[in-house]
Amino acid sequence: MATATTAPAAAPEEKFRKDYKVPDYSIQTVDLTFKIFGGHTQVLSLLKVKRRPDAKADSPFILDGEDLTLNKISVGGKELAASEYSWSRKDVLELKGPLPPEFTVETDVTIKPEDNTQLSGLYQSSGVYCTQCEAEGFRRISPFQDRPDVMASYVRVRIEADRAACPVLLSNGNLVAQGELEGGRHFAEWQDPFPKPSYLFAVVAGDLGSIRDSFTTMSGRKVALEIFSEHDKVDQLAWAMESLKQAMKWDEERFGLEYDLDVYNIVAVSDFNMGAMENKGLNVFNTCYVLAKPSTASDADYEDVQGVIGHEYFHNWTGNRVTCRDWFQLTLKEGLTVFRDQQFTMDMTSEAVKRVEDVRVLRAAQFPQDNGPMAHPIRPESYIAMDNFYTVTVYNKGAEVIGMYQTLLGRAGFRKGMDLYFQRHDGTAVTCDDFRAAMADANGADLAQFERWYTQAGTPQVKATGAYDAGAKRYTLALEQSCGPSPGQPTKEPFHIPVRVGLLARSTGAELCAERVLELREARQEFVFEGVAEAPVPSILRGFSAPVKLAVEQTDEDLAFLMGNDSDSFNRWEAGQQLFTRTLLANVAAAQAGRPMAVAPALVEAVRRTLADGAAER
């Protein structure tokens, strides 16, 4: 038997997107056994490995491992001597070549979940064993190619534990076997038929209560749903279950995406270091995003639960079935899924209110990040610790970038792009460029310049000026864009910016012409509107159609008019915010100067029109 050895700690190392390399070997199937005991856990792993056809036979097979005690390792059923592998470089277990085109690797390691204070990998908290493997936590469970582009089939995951301490034993996929063992222990075996990267692996073992329900998919399959929590919190799970069923139905109706397993489990634990995690078929949540009941939760709490439950469910396709090639592509799954959960919440609650909430978060948190020393593109070019890039830029600005595809292509065009994306890439690990290509190819659109949203940091500023020619009944809108320097990016190329614009008649408040989406691609462009019967009041950047700062001269009368008449709810709110801010500041100045304070009649009239407008969302 090999002498037990522990992987040494690694020094931080900067990684670059340009250095991506396809691995020489890829794990095809995984068979895992967890033997959980008080104080330690034994993890047995059987990996079937295949060498890439163009890789050299003498290439070493590299596995990641961190804080593991290696008891034994075998290749092709033969135990390796210490001279046949090394574990001395940056948390890497290296099996020396030459190796056959296909072979098996078996490892036996010991880990200590009870001492795992990083809450990464397998850890114990409040008596419950739980995993968190994104981004690089699986290497703290067993030696593995712990990278998202290695998608393996987990043909069996067996969990053994004391029945009294851990009556609930969960993992990804479908439950295929369970039974009793000697000494008051028991086991459960799970199988996931869909290949997945290691970051989506999950195990939960503990004493938990639950509620159960079911959902029938659009093809008629019945899916068993179960949500687990500590026993004294089970009475707070009903809204999470209702939200899950809403999300499953919405994804079928909006994107034609059906759930693909027989069961869907959610576990809520108090000590979870992420908000929630989309592990395939076994989501793990912090309790704050699952628990809600009328006596303790506000309306905002209920909406948060609904949105986060939806977000993690939507990852089943945008993140799980199609995942990231590498961690530089994180916004591919997170930006896209944030956009999807935002759309879900809009449909479940109020589109206007949700849009305002999302923009307020963006302006308060992401714009400052884009304007500071930590500015980075939504697809960063390098990182030292990947955990540092779970940022509001990658998530929220990433969602805005996805939203711009829908603005440019229309809802039907966006759906066509999504359909092609899944058709091309289901079951694979891909890049942001692959998503952009699917959107472009499905719609015959030129989105080459749109890549700059992925490569350039910073918040663009768009300056708008308009001119009306009464004789020609023509309105010309000039748009100019600029973006200041960011760390490592002293100059910026023009972005591809969709600007939704409407023109309103000051005499009636009606739309003078159909709304247009202007595509600003150059530093300065002019857009001409023909057949405009009177000098319009422009409504620019409707729906906050791009994550930019808009500079446009507007009088108090213009703002009051837009607040009272604009058919776009976001711009109506935006005009009101600006007008109320001006009024407050003017009255502060008046009070400081000893002058009487006043409210302009135009503002009063705008408020009156808003309150009287039965169609307006409030």
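To keep things clear, this report deals only with the structure shown in the data block. Computed from a predicted structure; not experimentally measured. (Residues numbered from 1 in each chain as written. Predicted model: local features only at pLDDT ≥ 70, side-chain atom pairs only at ≥ 80, totals over all residues. Heavy atoms only, no water.)

### Some words on a negative patch on the surface
What counts, and what does not: Exposure above 30% relative accessible area and the absence of a salt bridge qualify a residue for a patch, where like charges join within 9 Å and nonpolar side chains (Val, Leu, Ile, Met, Phe, Trp, Tyr) within 5 Å. To be clear on the numbers: accessible area is Shrake-Rupley with a 1.4 Å probe, and residue cover counts the displayed protein chains and nothing else. By definition here, a salt bridge exists when the distance from a side-chain nitrogen of Lys or Arg to a carboxyl oxygen of Asp or Glu is within 4 Å. Charge assignment in this entry is limited to Lys and Arg as positive and Asp and Glu as negative, and neither His nor the chain termini are counted. Taken as the charge location is NZ of Lys, CZ of Arg, CG of Asp or CD of Glu. Secondary structure follows DSSP: runs of H or I at least 4 residues long count as helices, runs of E at least 2 residues long count as strands, and numbering of each begins at the N terminus.
Together, Asp299, Asp301, Asp304 and Glu357 make up a negatively charged patch on the protein surface. Here the negative patch takes three residues from helix H2 (residues 299-314), the largest share from any one element. For Glu357, the position within the fold is in helix H4 (residues 351-370).

### Side note on the sheet that holds strand E28 (residues 497-505)
Heads up, the condition is: We call two strands paired when DSSP finds no fewer than two bridges between them. Every axis corresponds to a line fitted to the C-alpha atoms, with the helix fit spanning only the stretch in contact, and the corresponding angles, defined between N-to-C directions, vary from 0 to 180 degrees. Contacts are assigned to residue pairs that have any heavy atoms within 4.5 Å of one another.
Read from one edge to the other, the open sheet built from three strands follows the order E29-E28-E31, with strand pairing classed as antiparallel. Each end of this open sheet is capped by a strand with a single partner; those strands are strand E29 (516-520) and strand E31 (536-540). Geometrically, the sheet is characterised by an average inter-axis angle of 35 degrees between neighbouring strands, direction not taken into account. Pairing of E28 with E31, which is carried by five bridges, proceeds in the antiparallel orientation. Note that in E31 the partner of Ala505 across the bridge is Pro536. Sitting on the sheet, helix H8 (residues 556-565) is in contact with E28 and E31, with an inclination near 70 degrees to E31.

### Things to note about the pattern of salt bridges
The following threshold applies: Burial status follows relative accessibility: with a 1.4 Å probe on protein chains alone, a residue under 20% of its type maximum counts as buried, one over 50% as exposed, and anything between as partly exposed.
Throughout the structure, instances matching the rule amount to 60 salt bridges. For Lys233, the salt bridge goes to Asp232, with nearest N and O atoms at 3.7 Å. Under the relative-accessibility criterion, Asp232 is labelled exposed at 59%. The salt bridge involving Arg379 is made with Glu451; its shortest N-O contact spans 3.4 Å. With Arg379 in the loop between H4 and strand E24 (382-383) and Glu451 in the loop between helix H6 (432-443) and helix H7 (452-455), this pair connects stretches of sequence that are 72 residues apart. Its relative accessible area of 0% is what places Arg379 among the buried residues. Salt bridges sharing common partners tie together Arg500, Glu511, Glu515, Arg542, Asp566 and Asp568.

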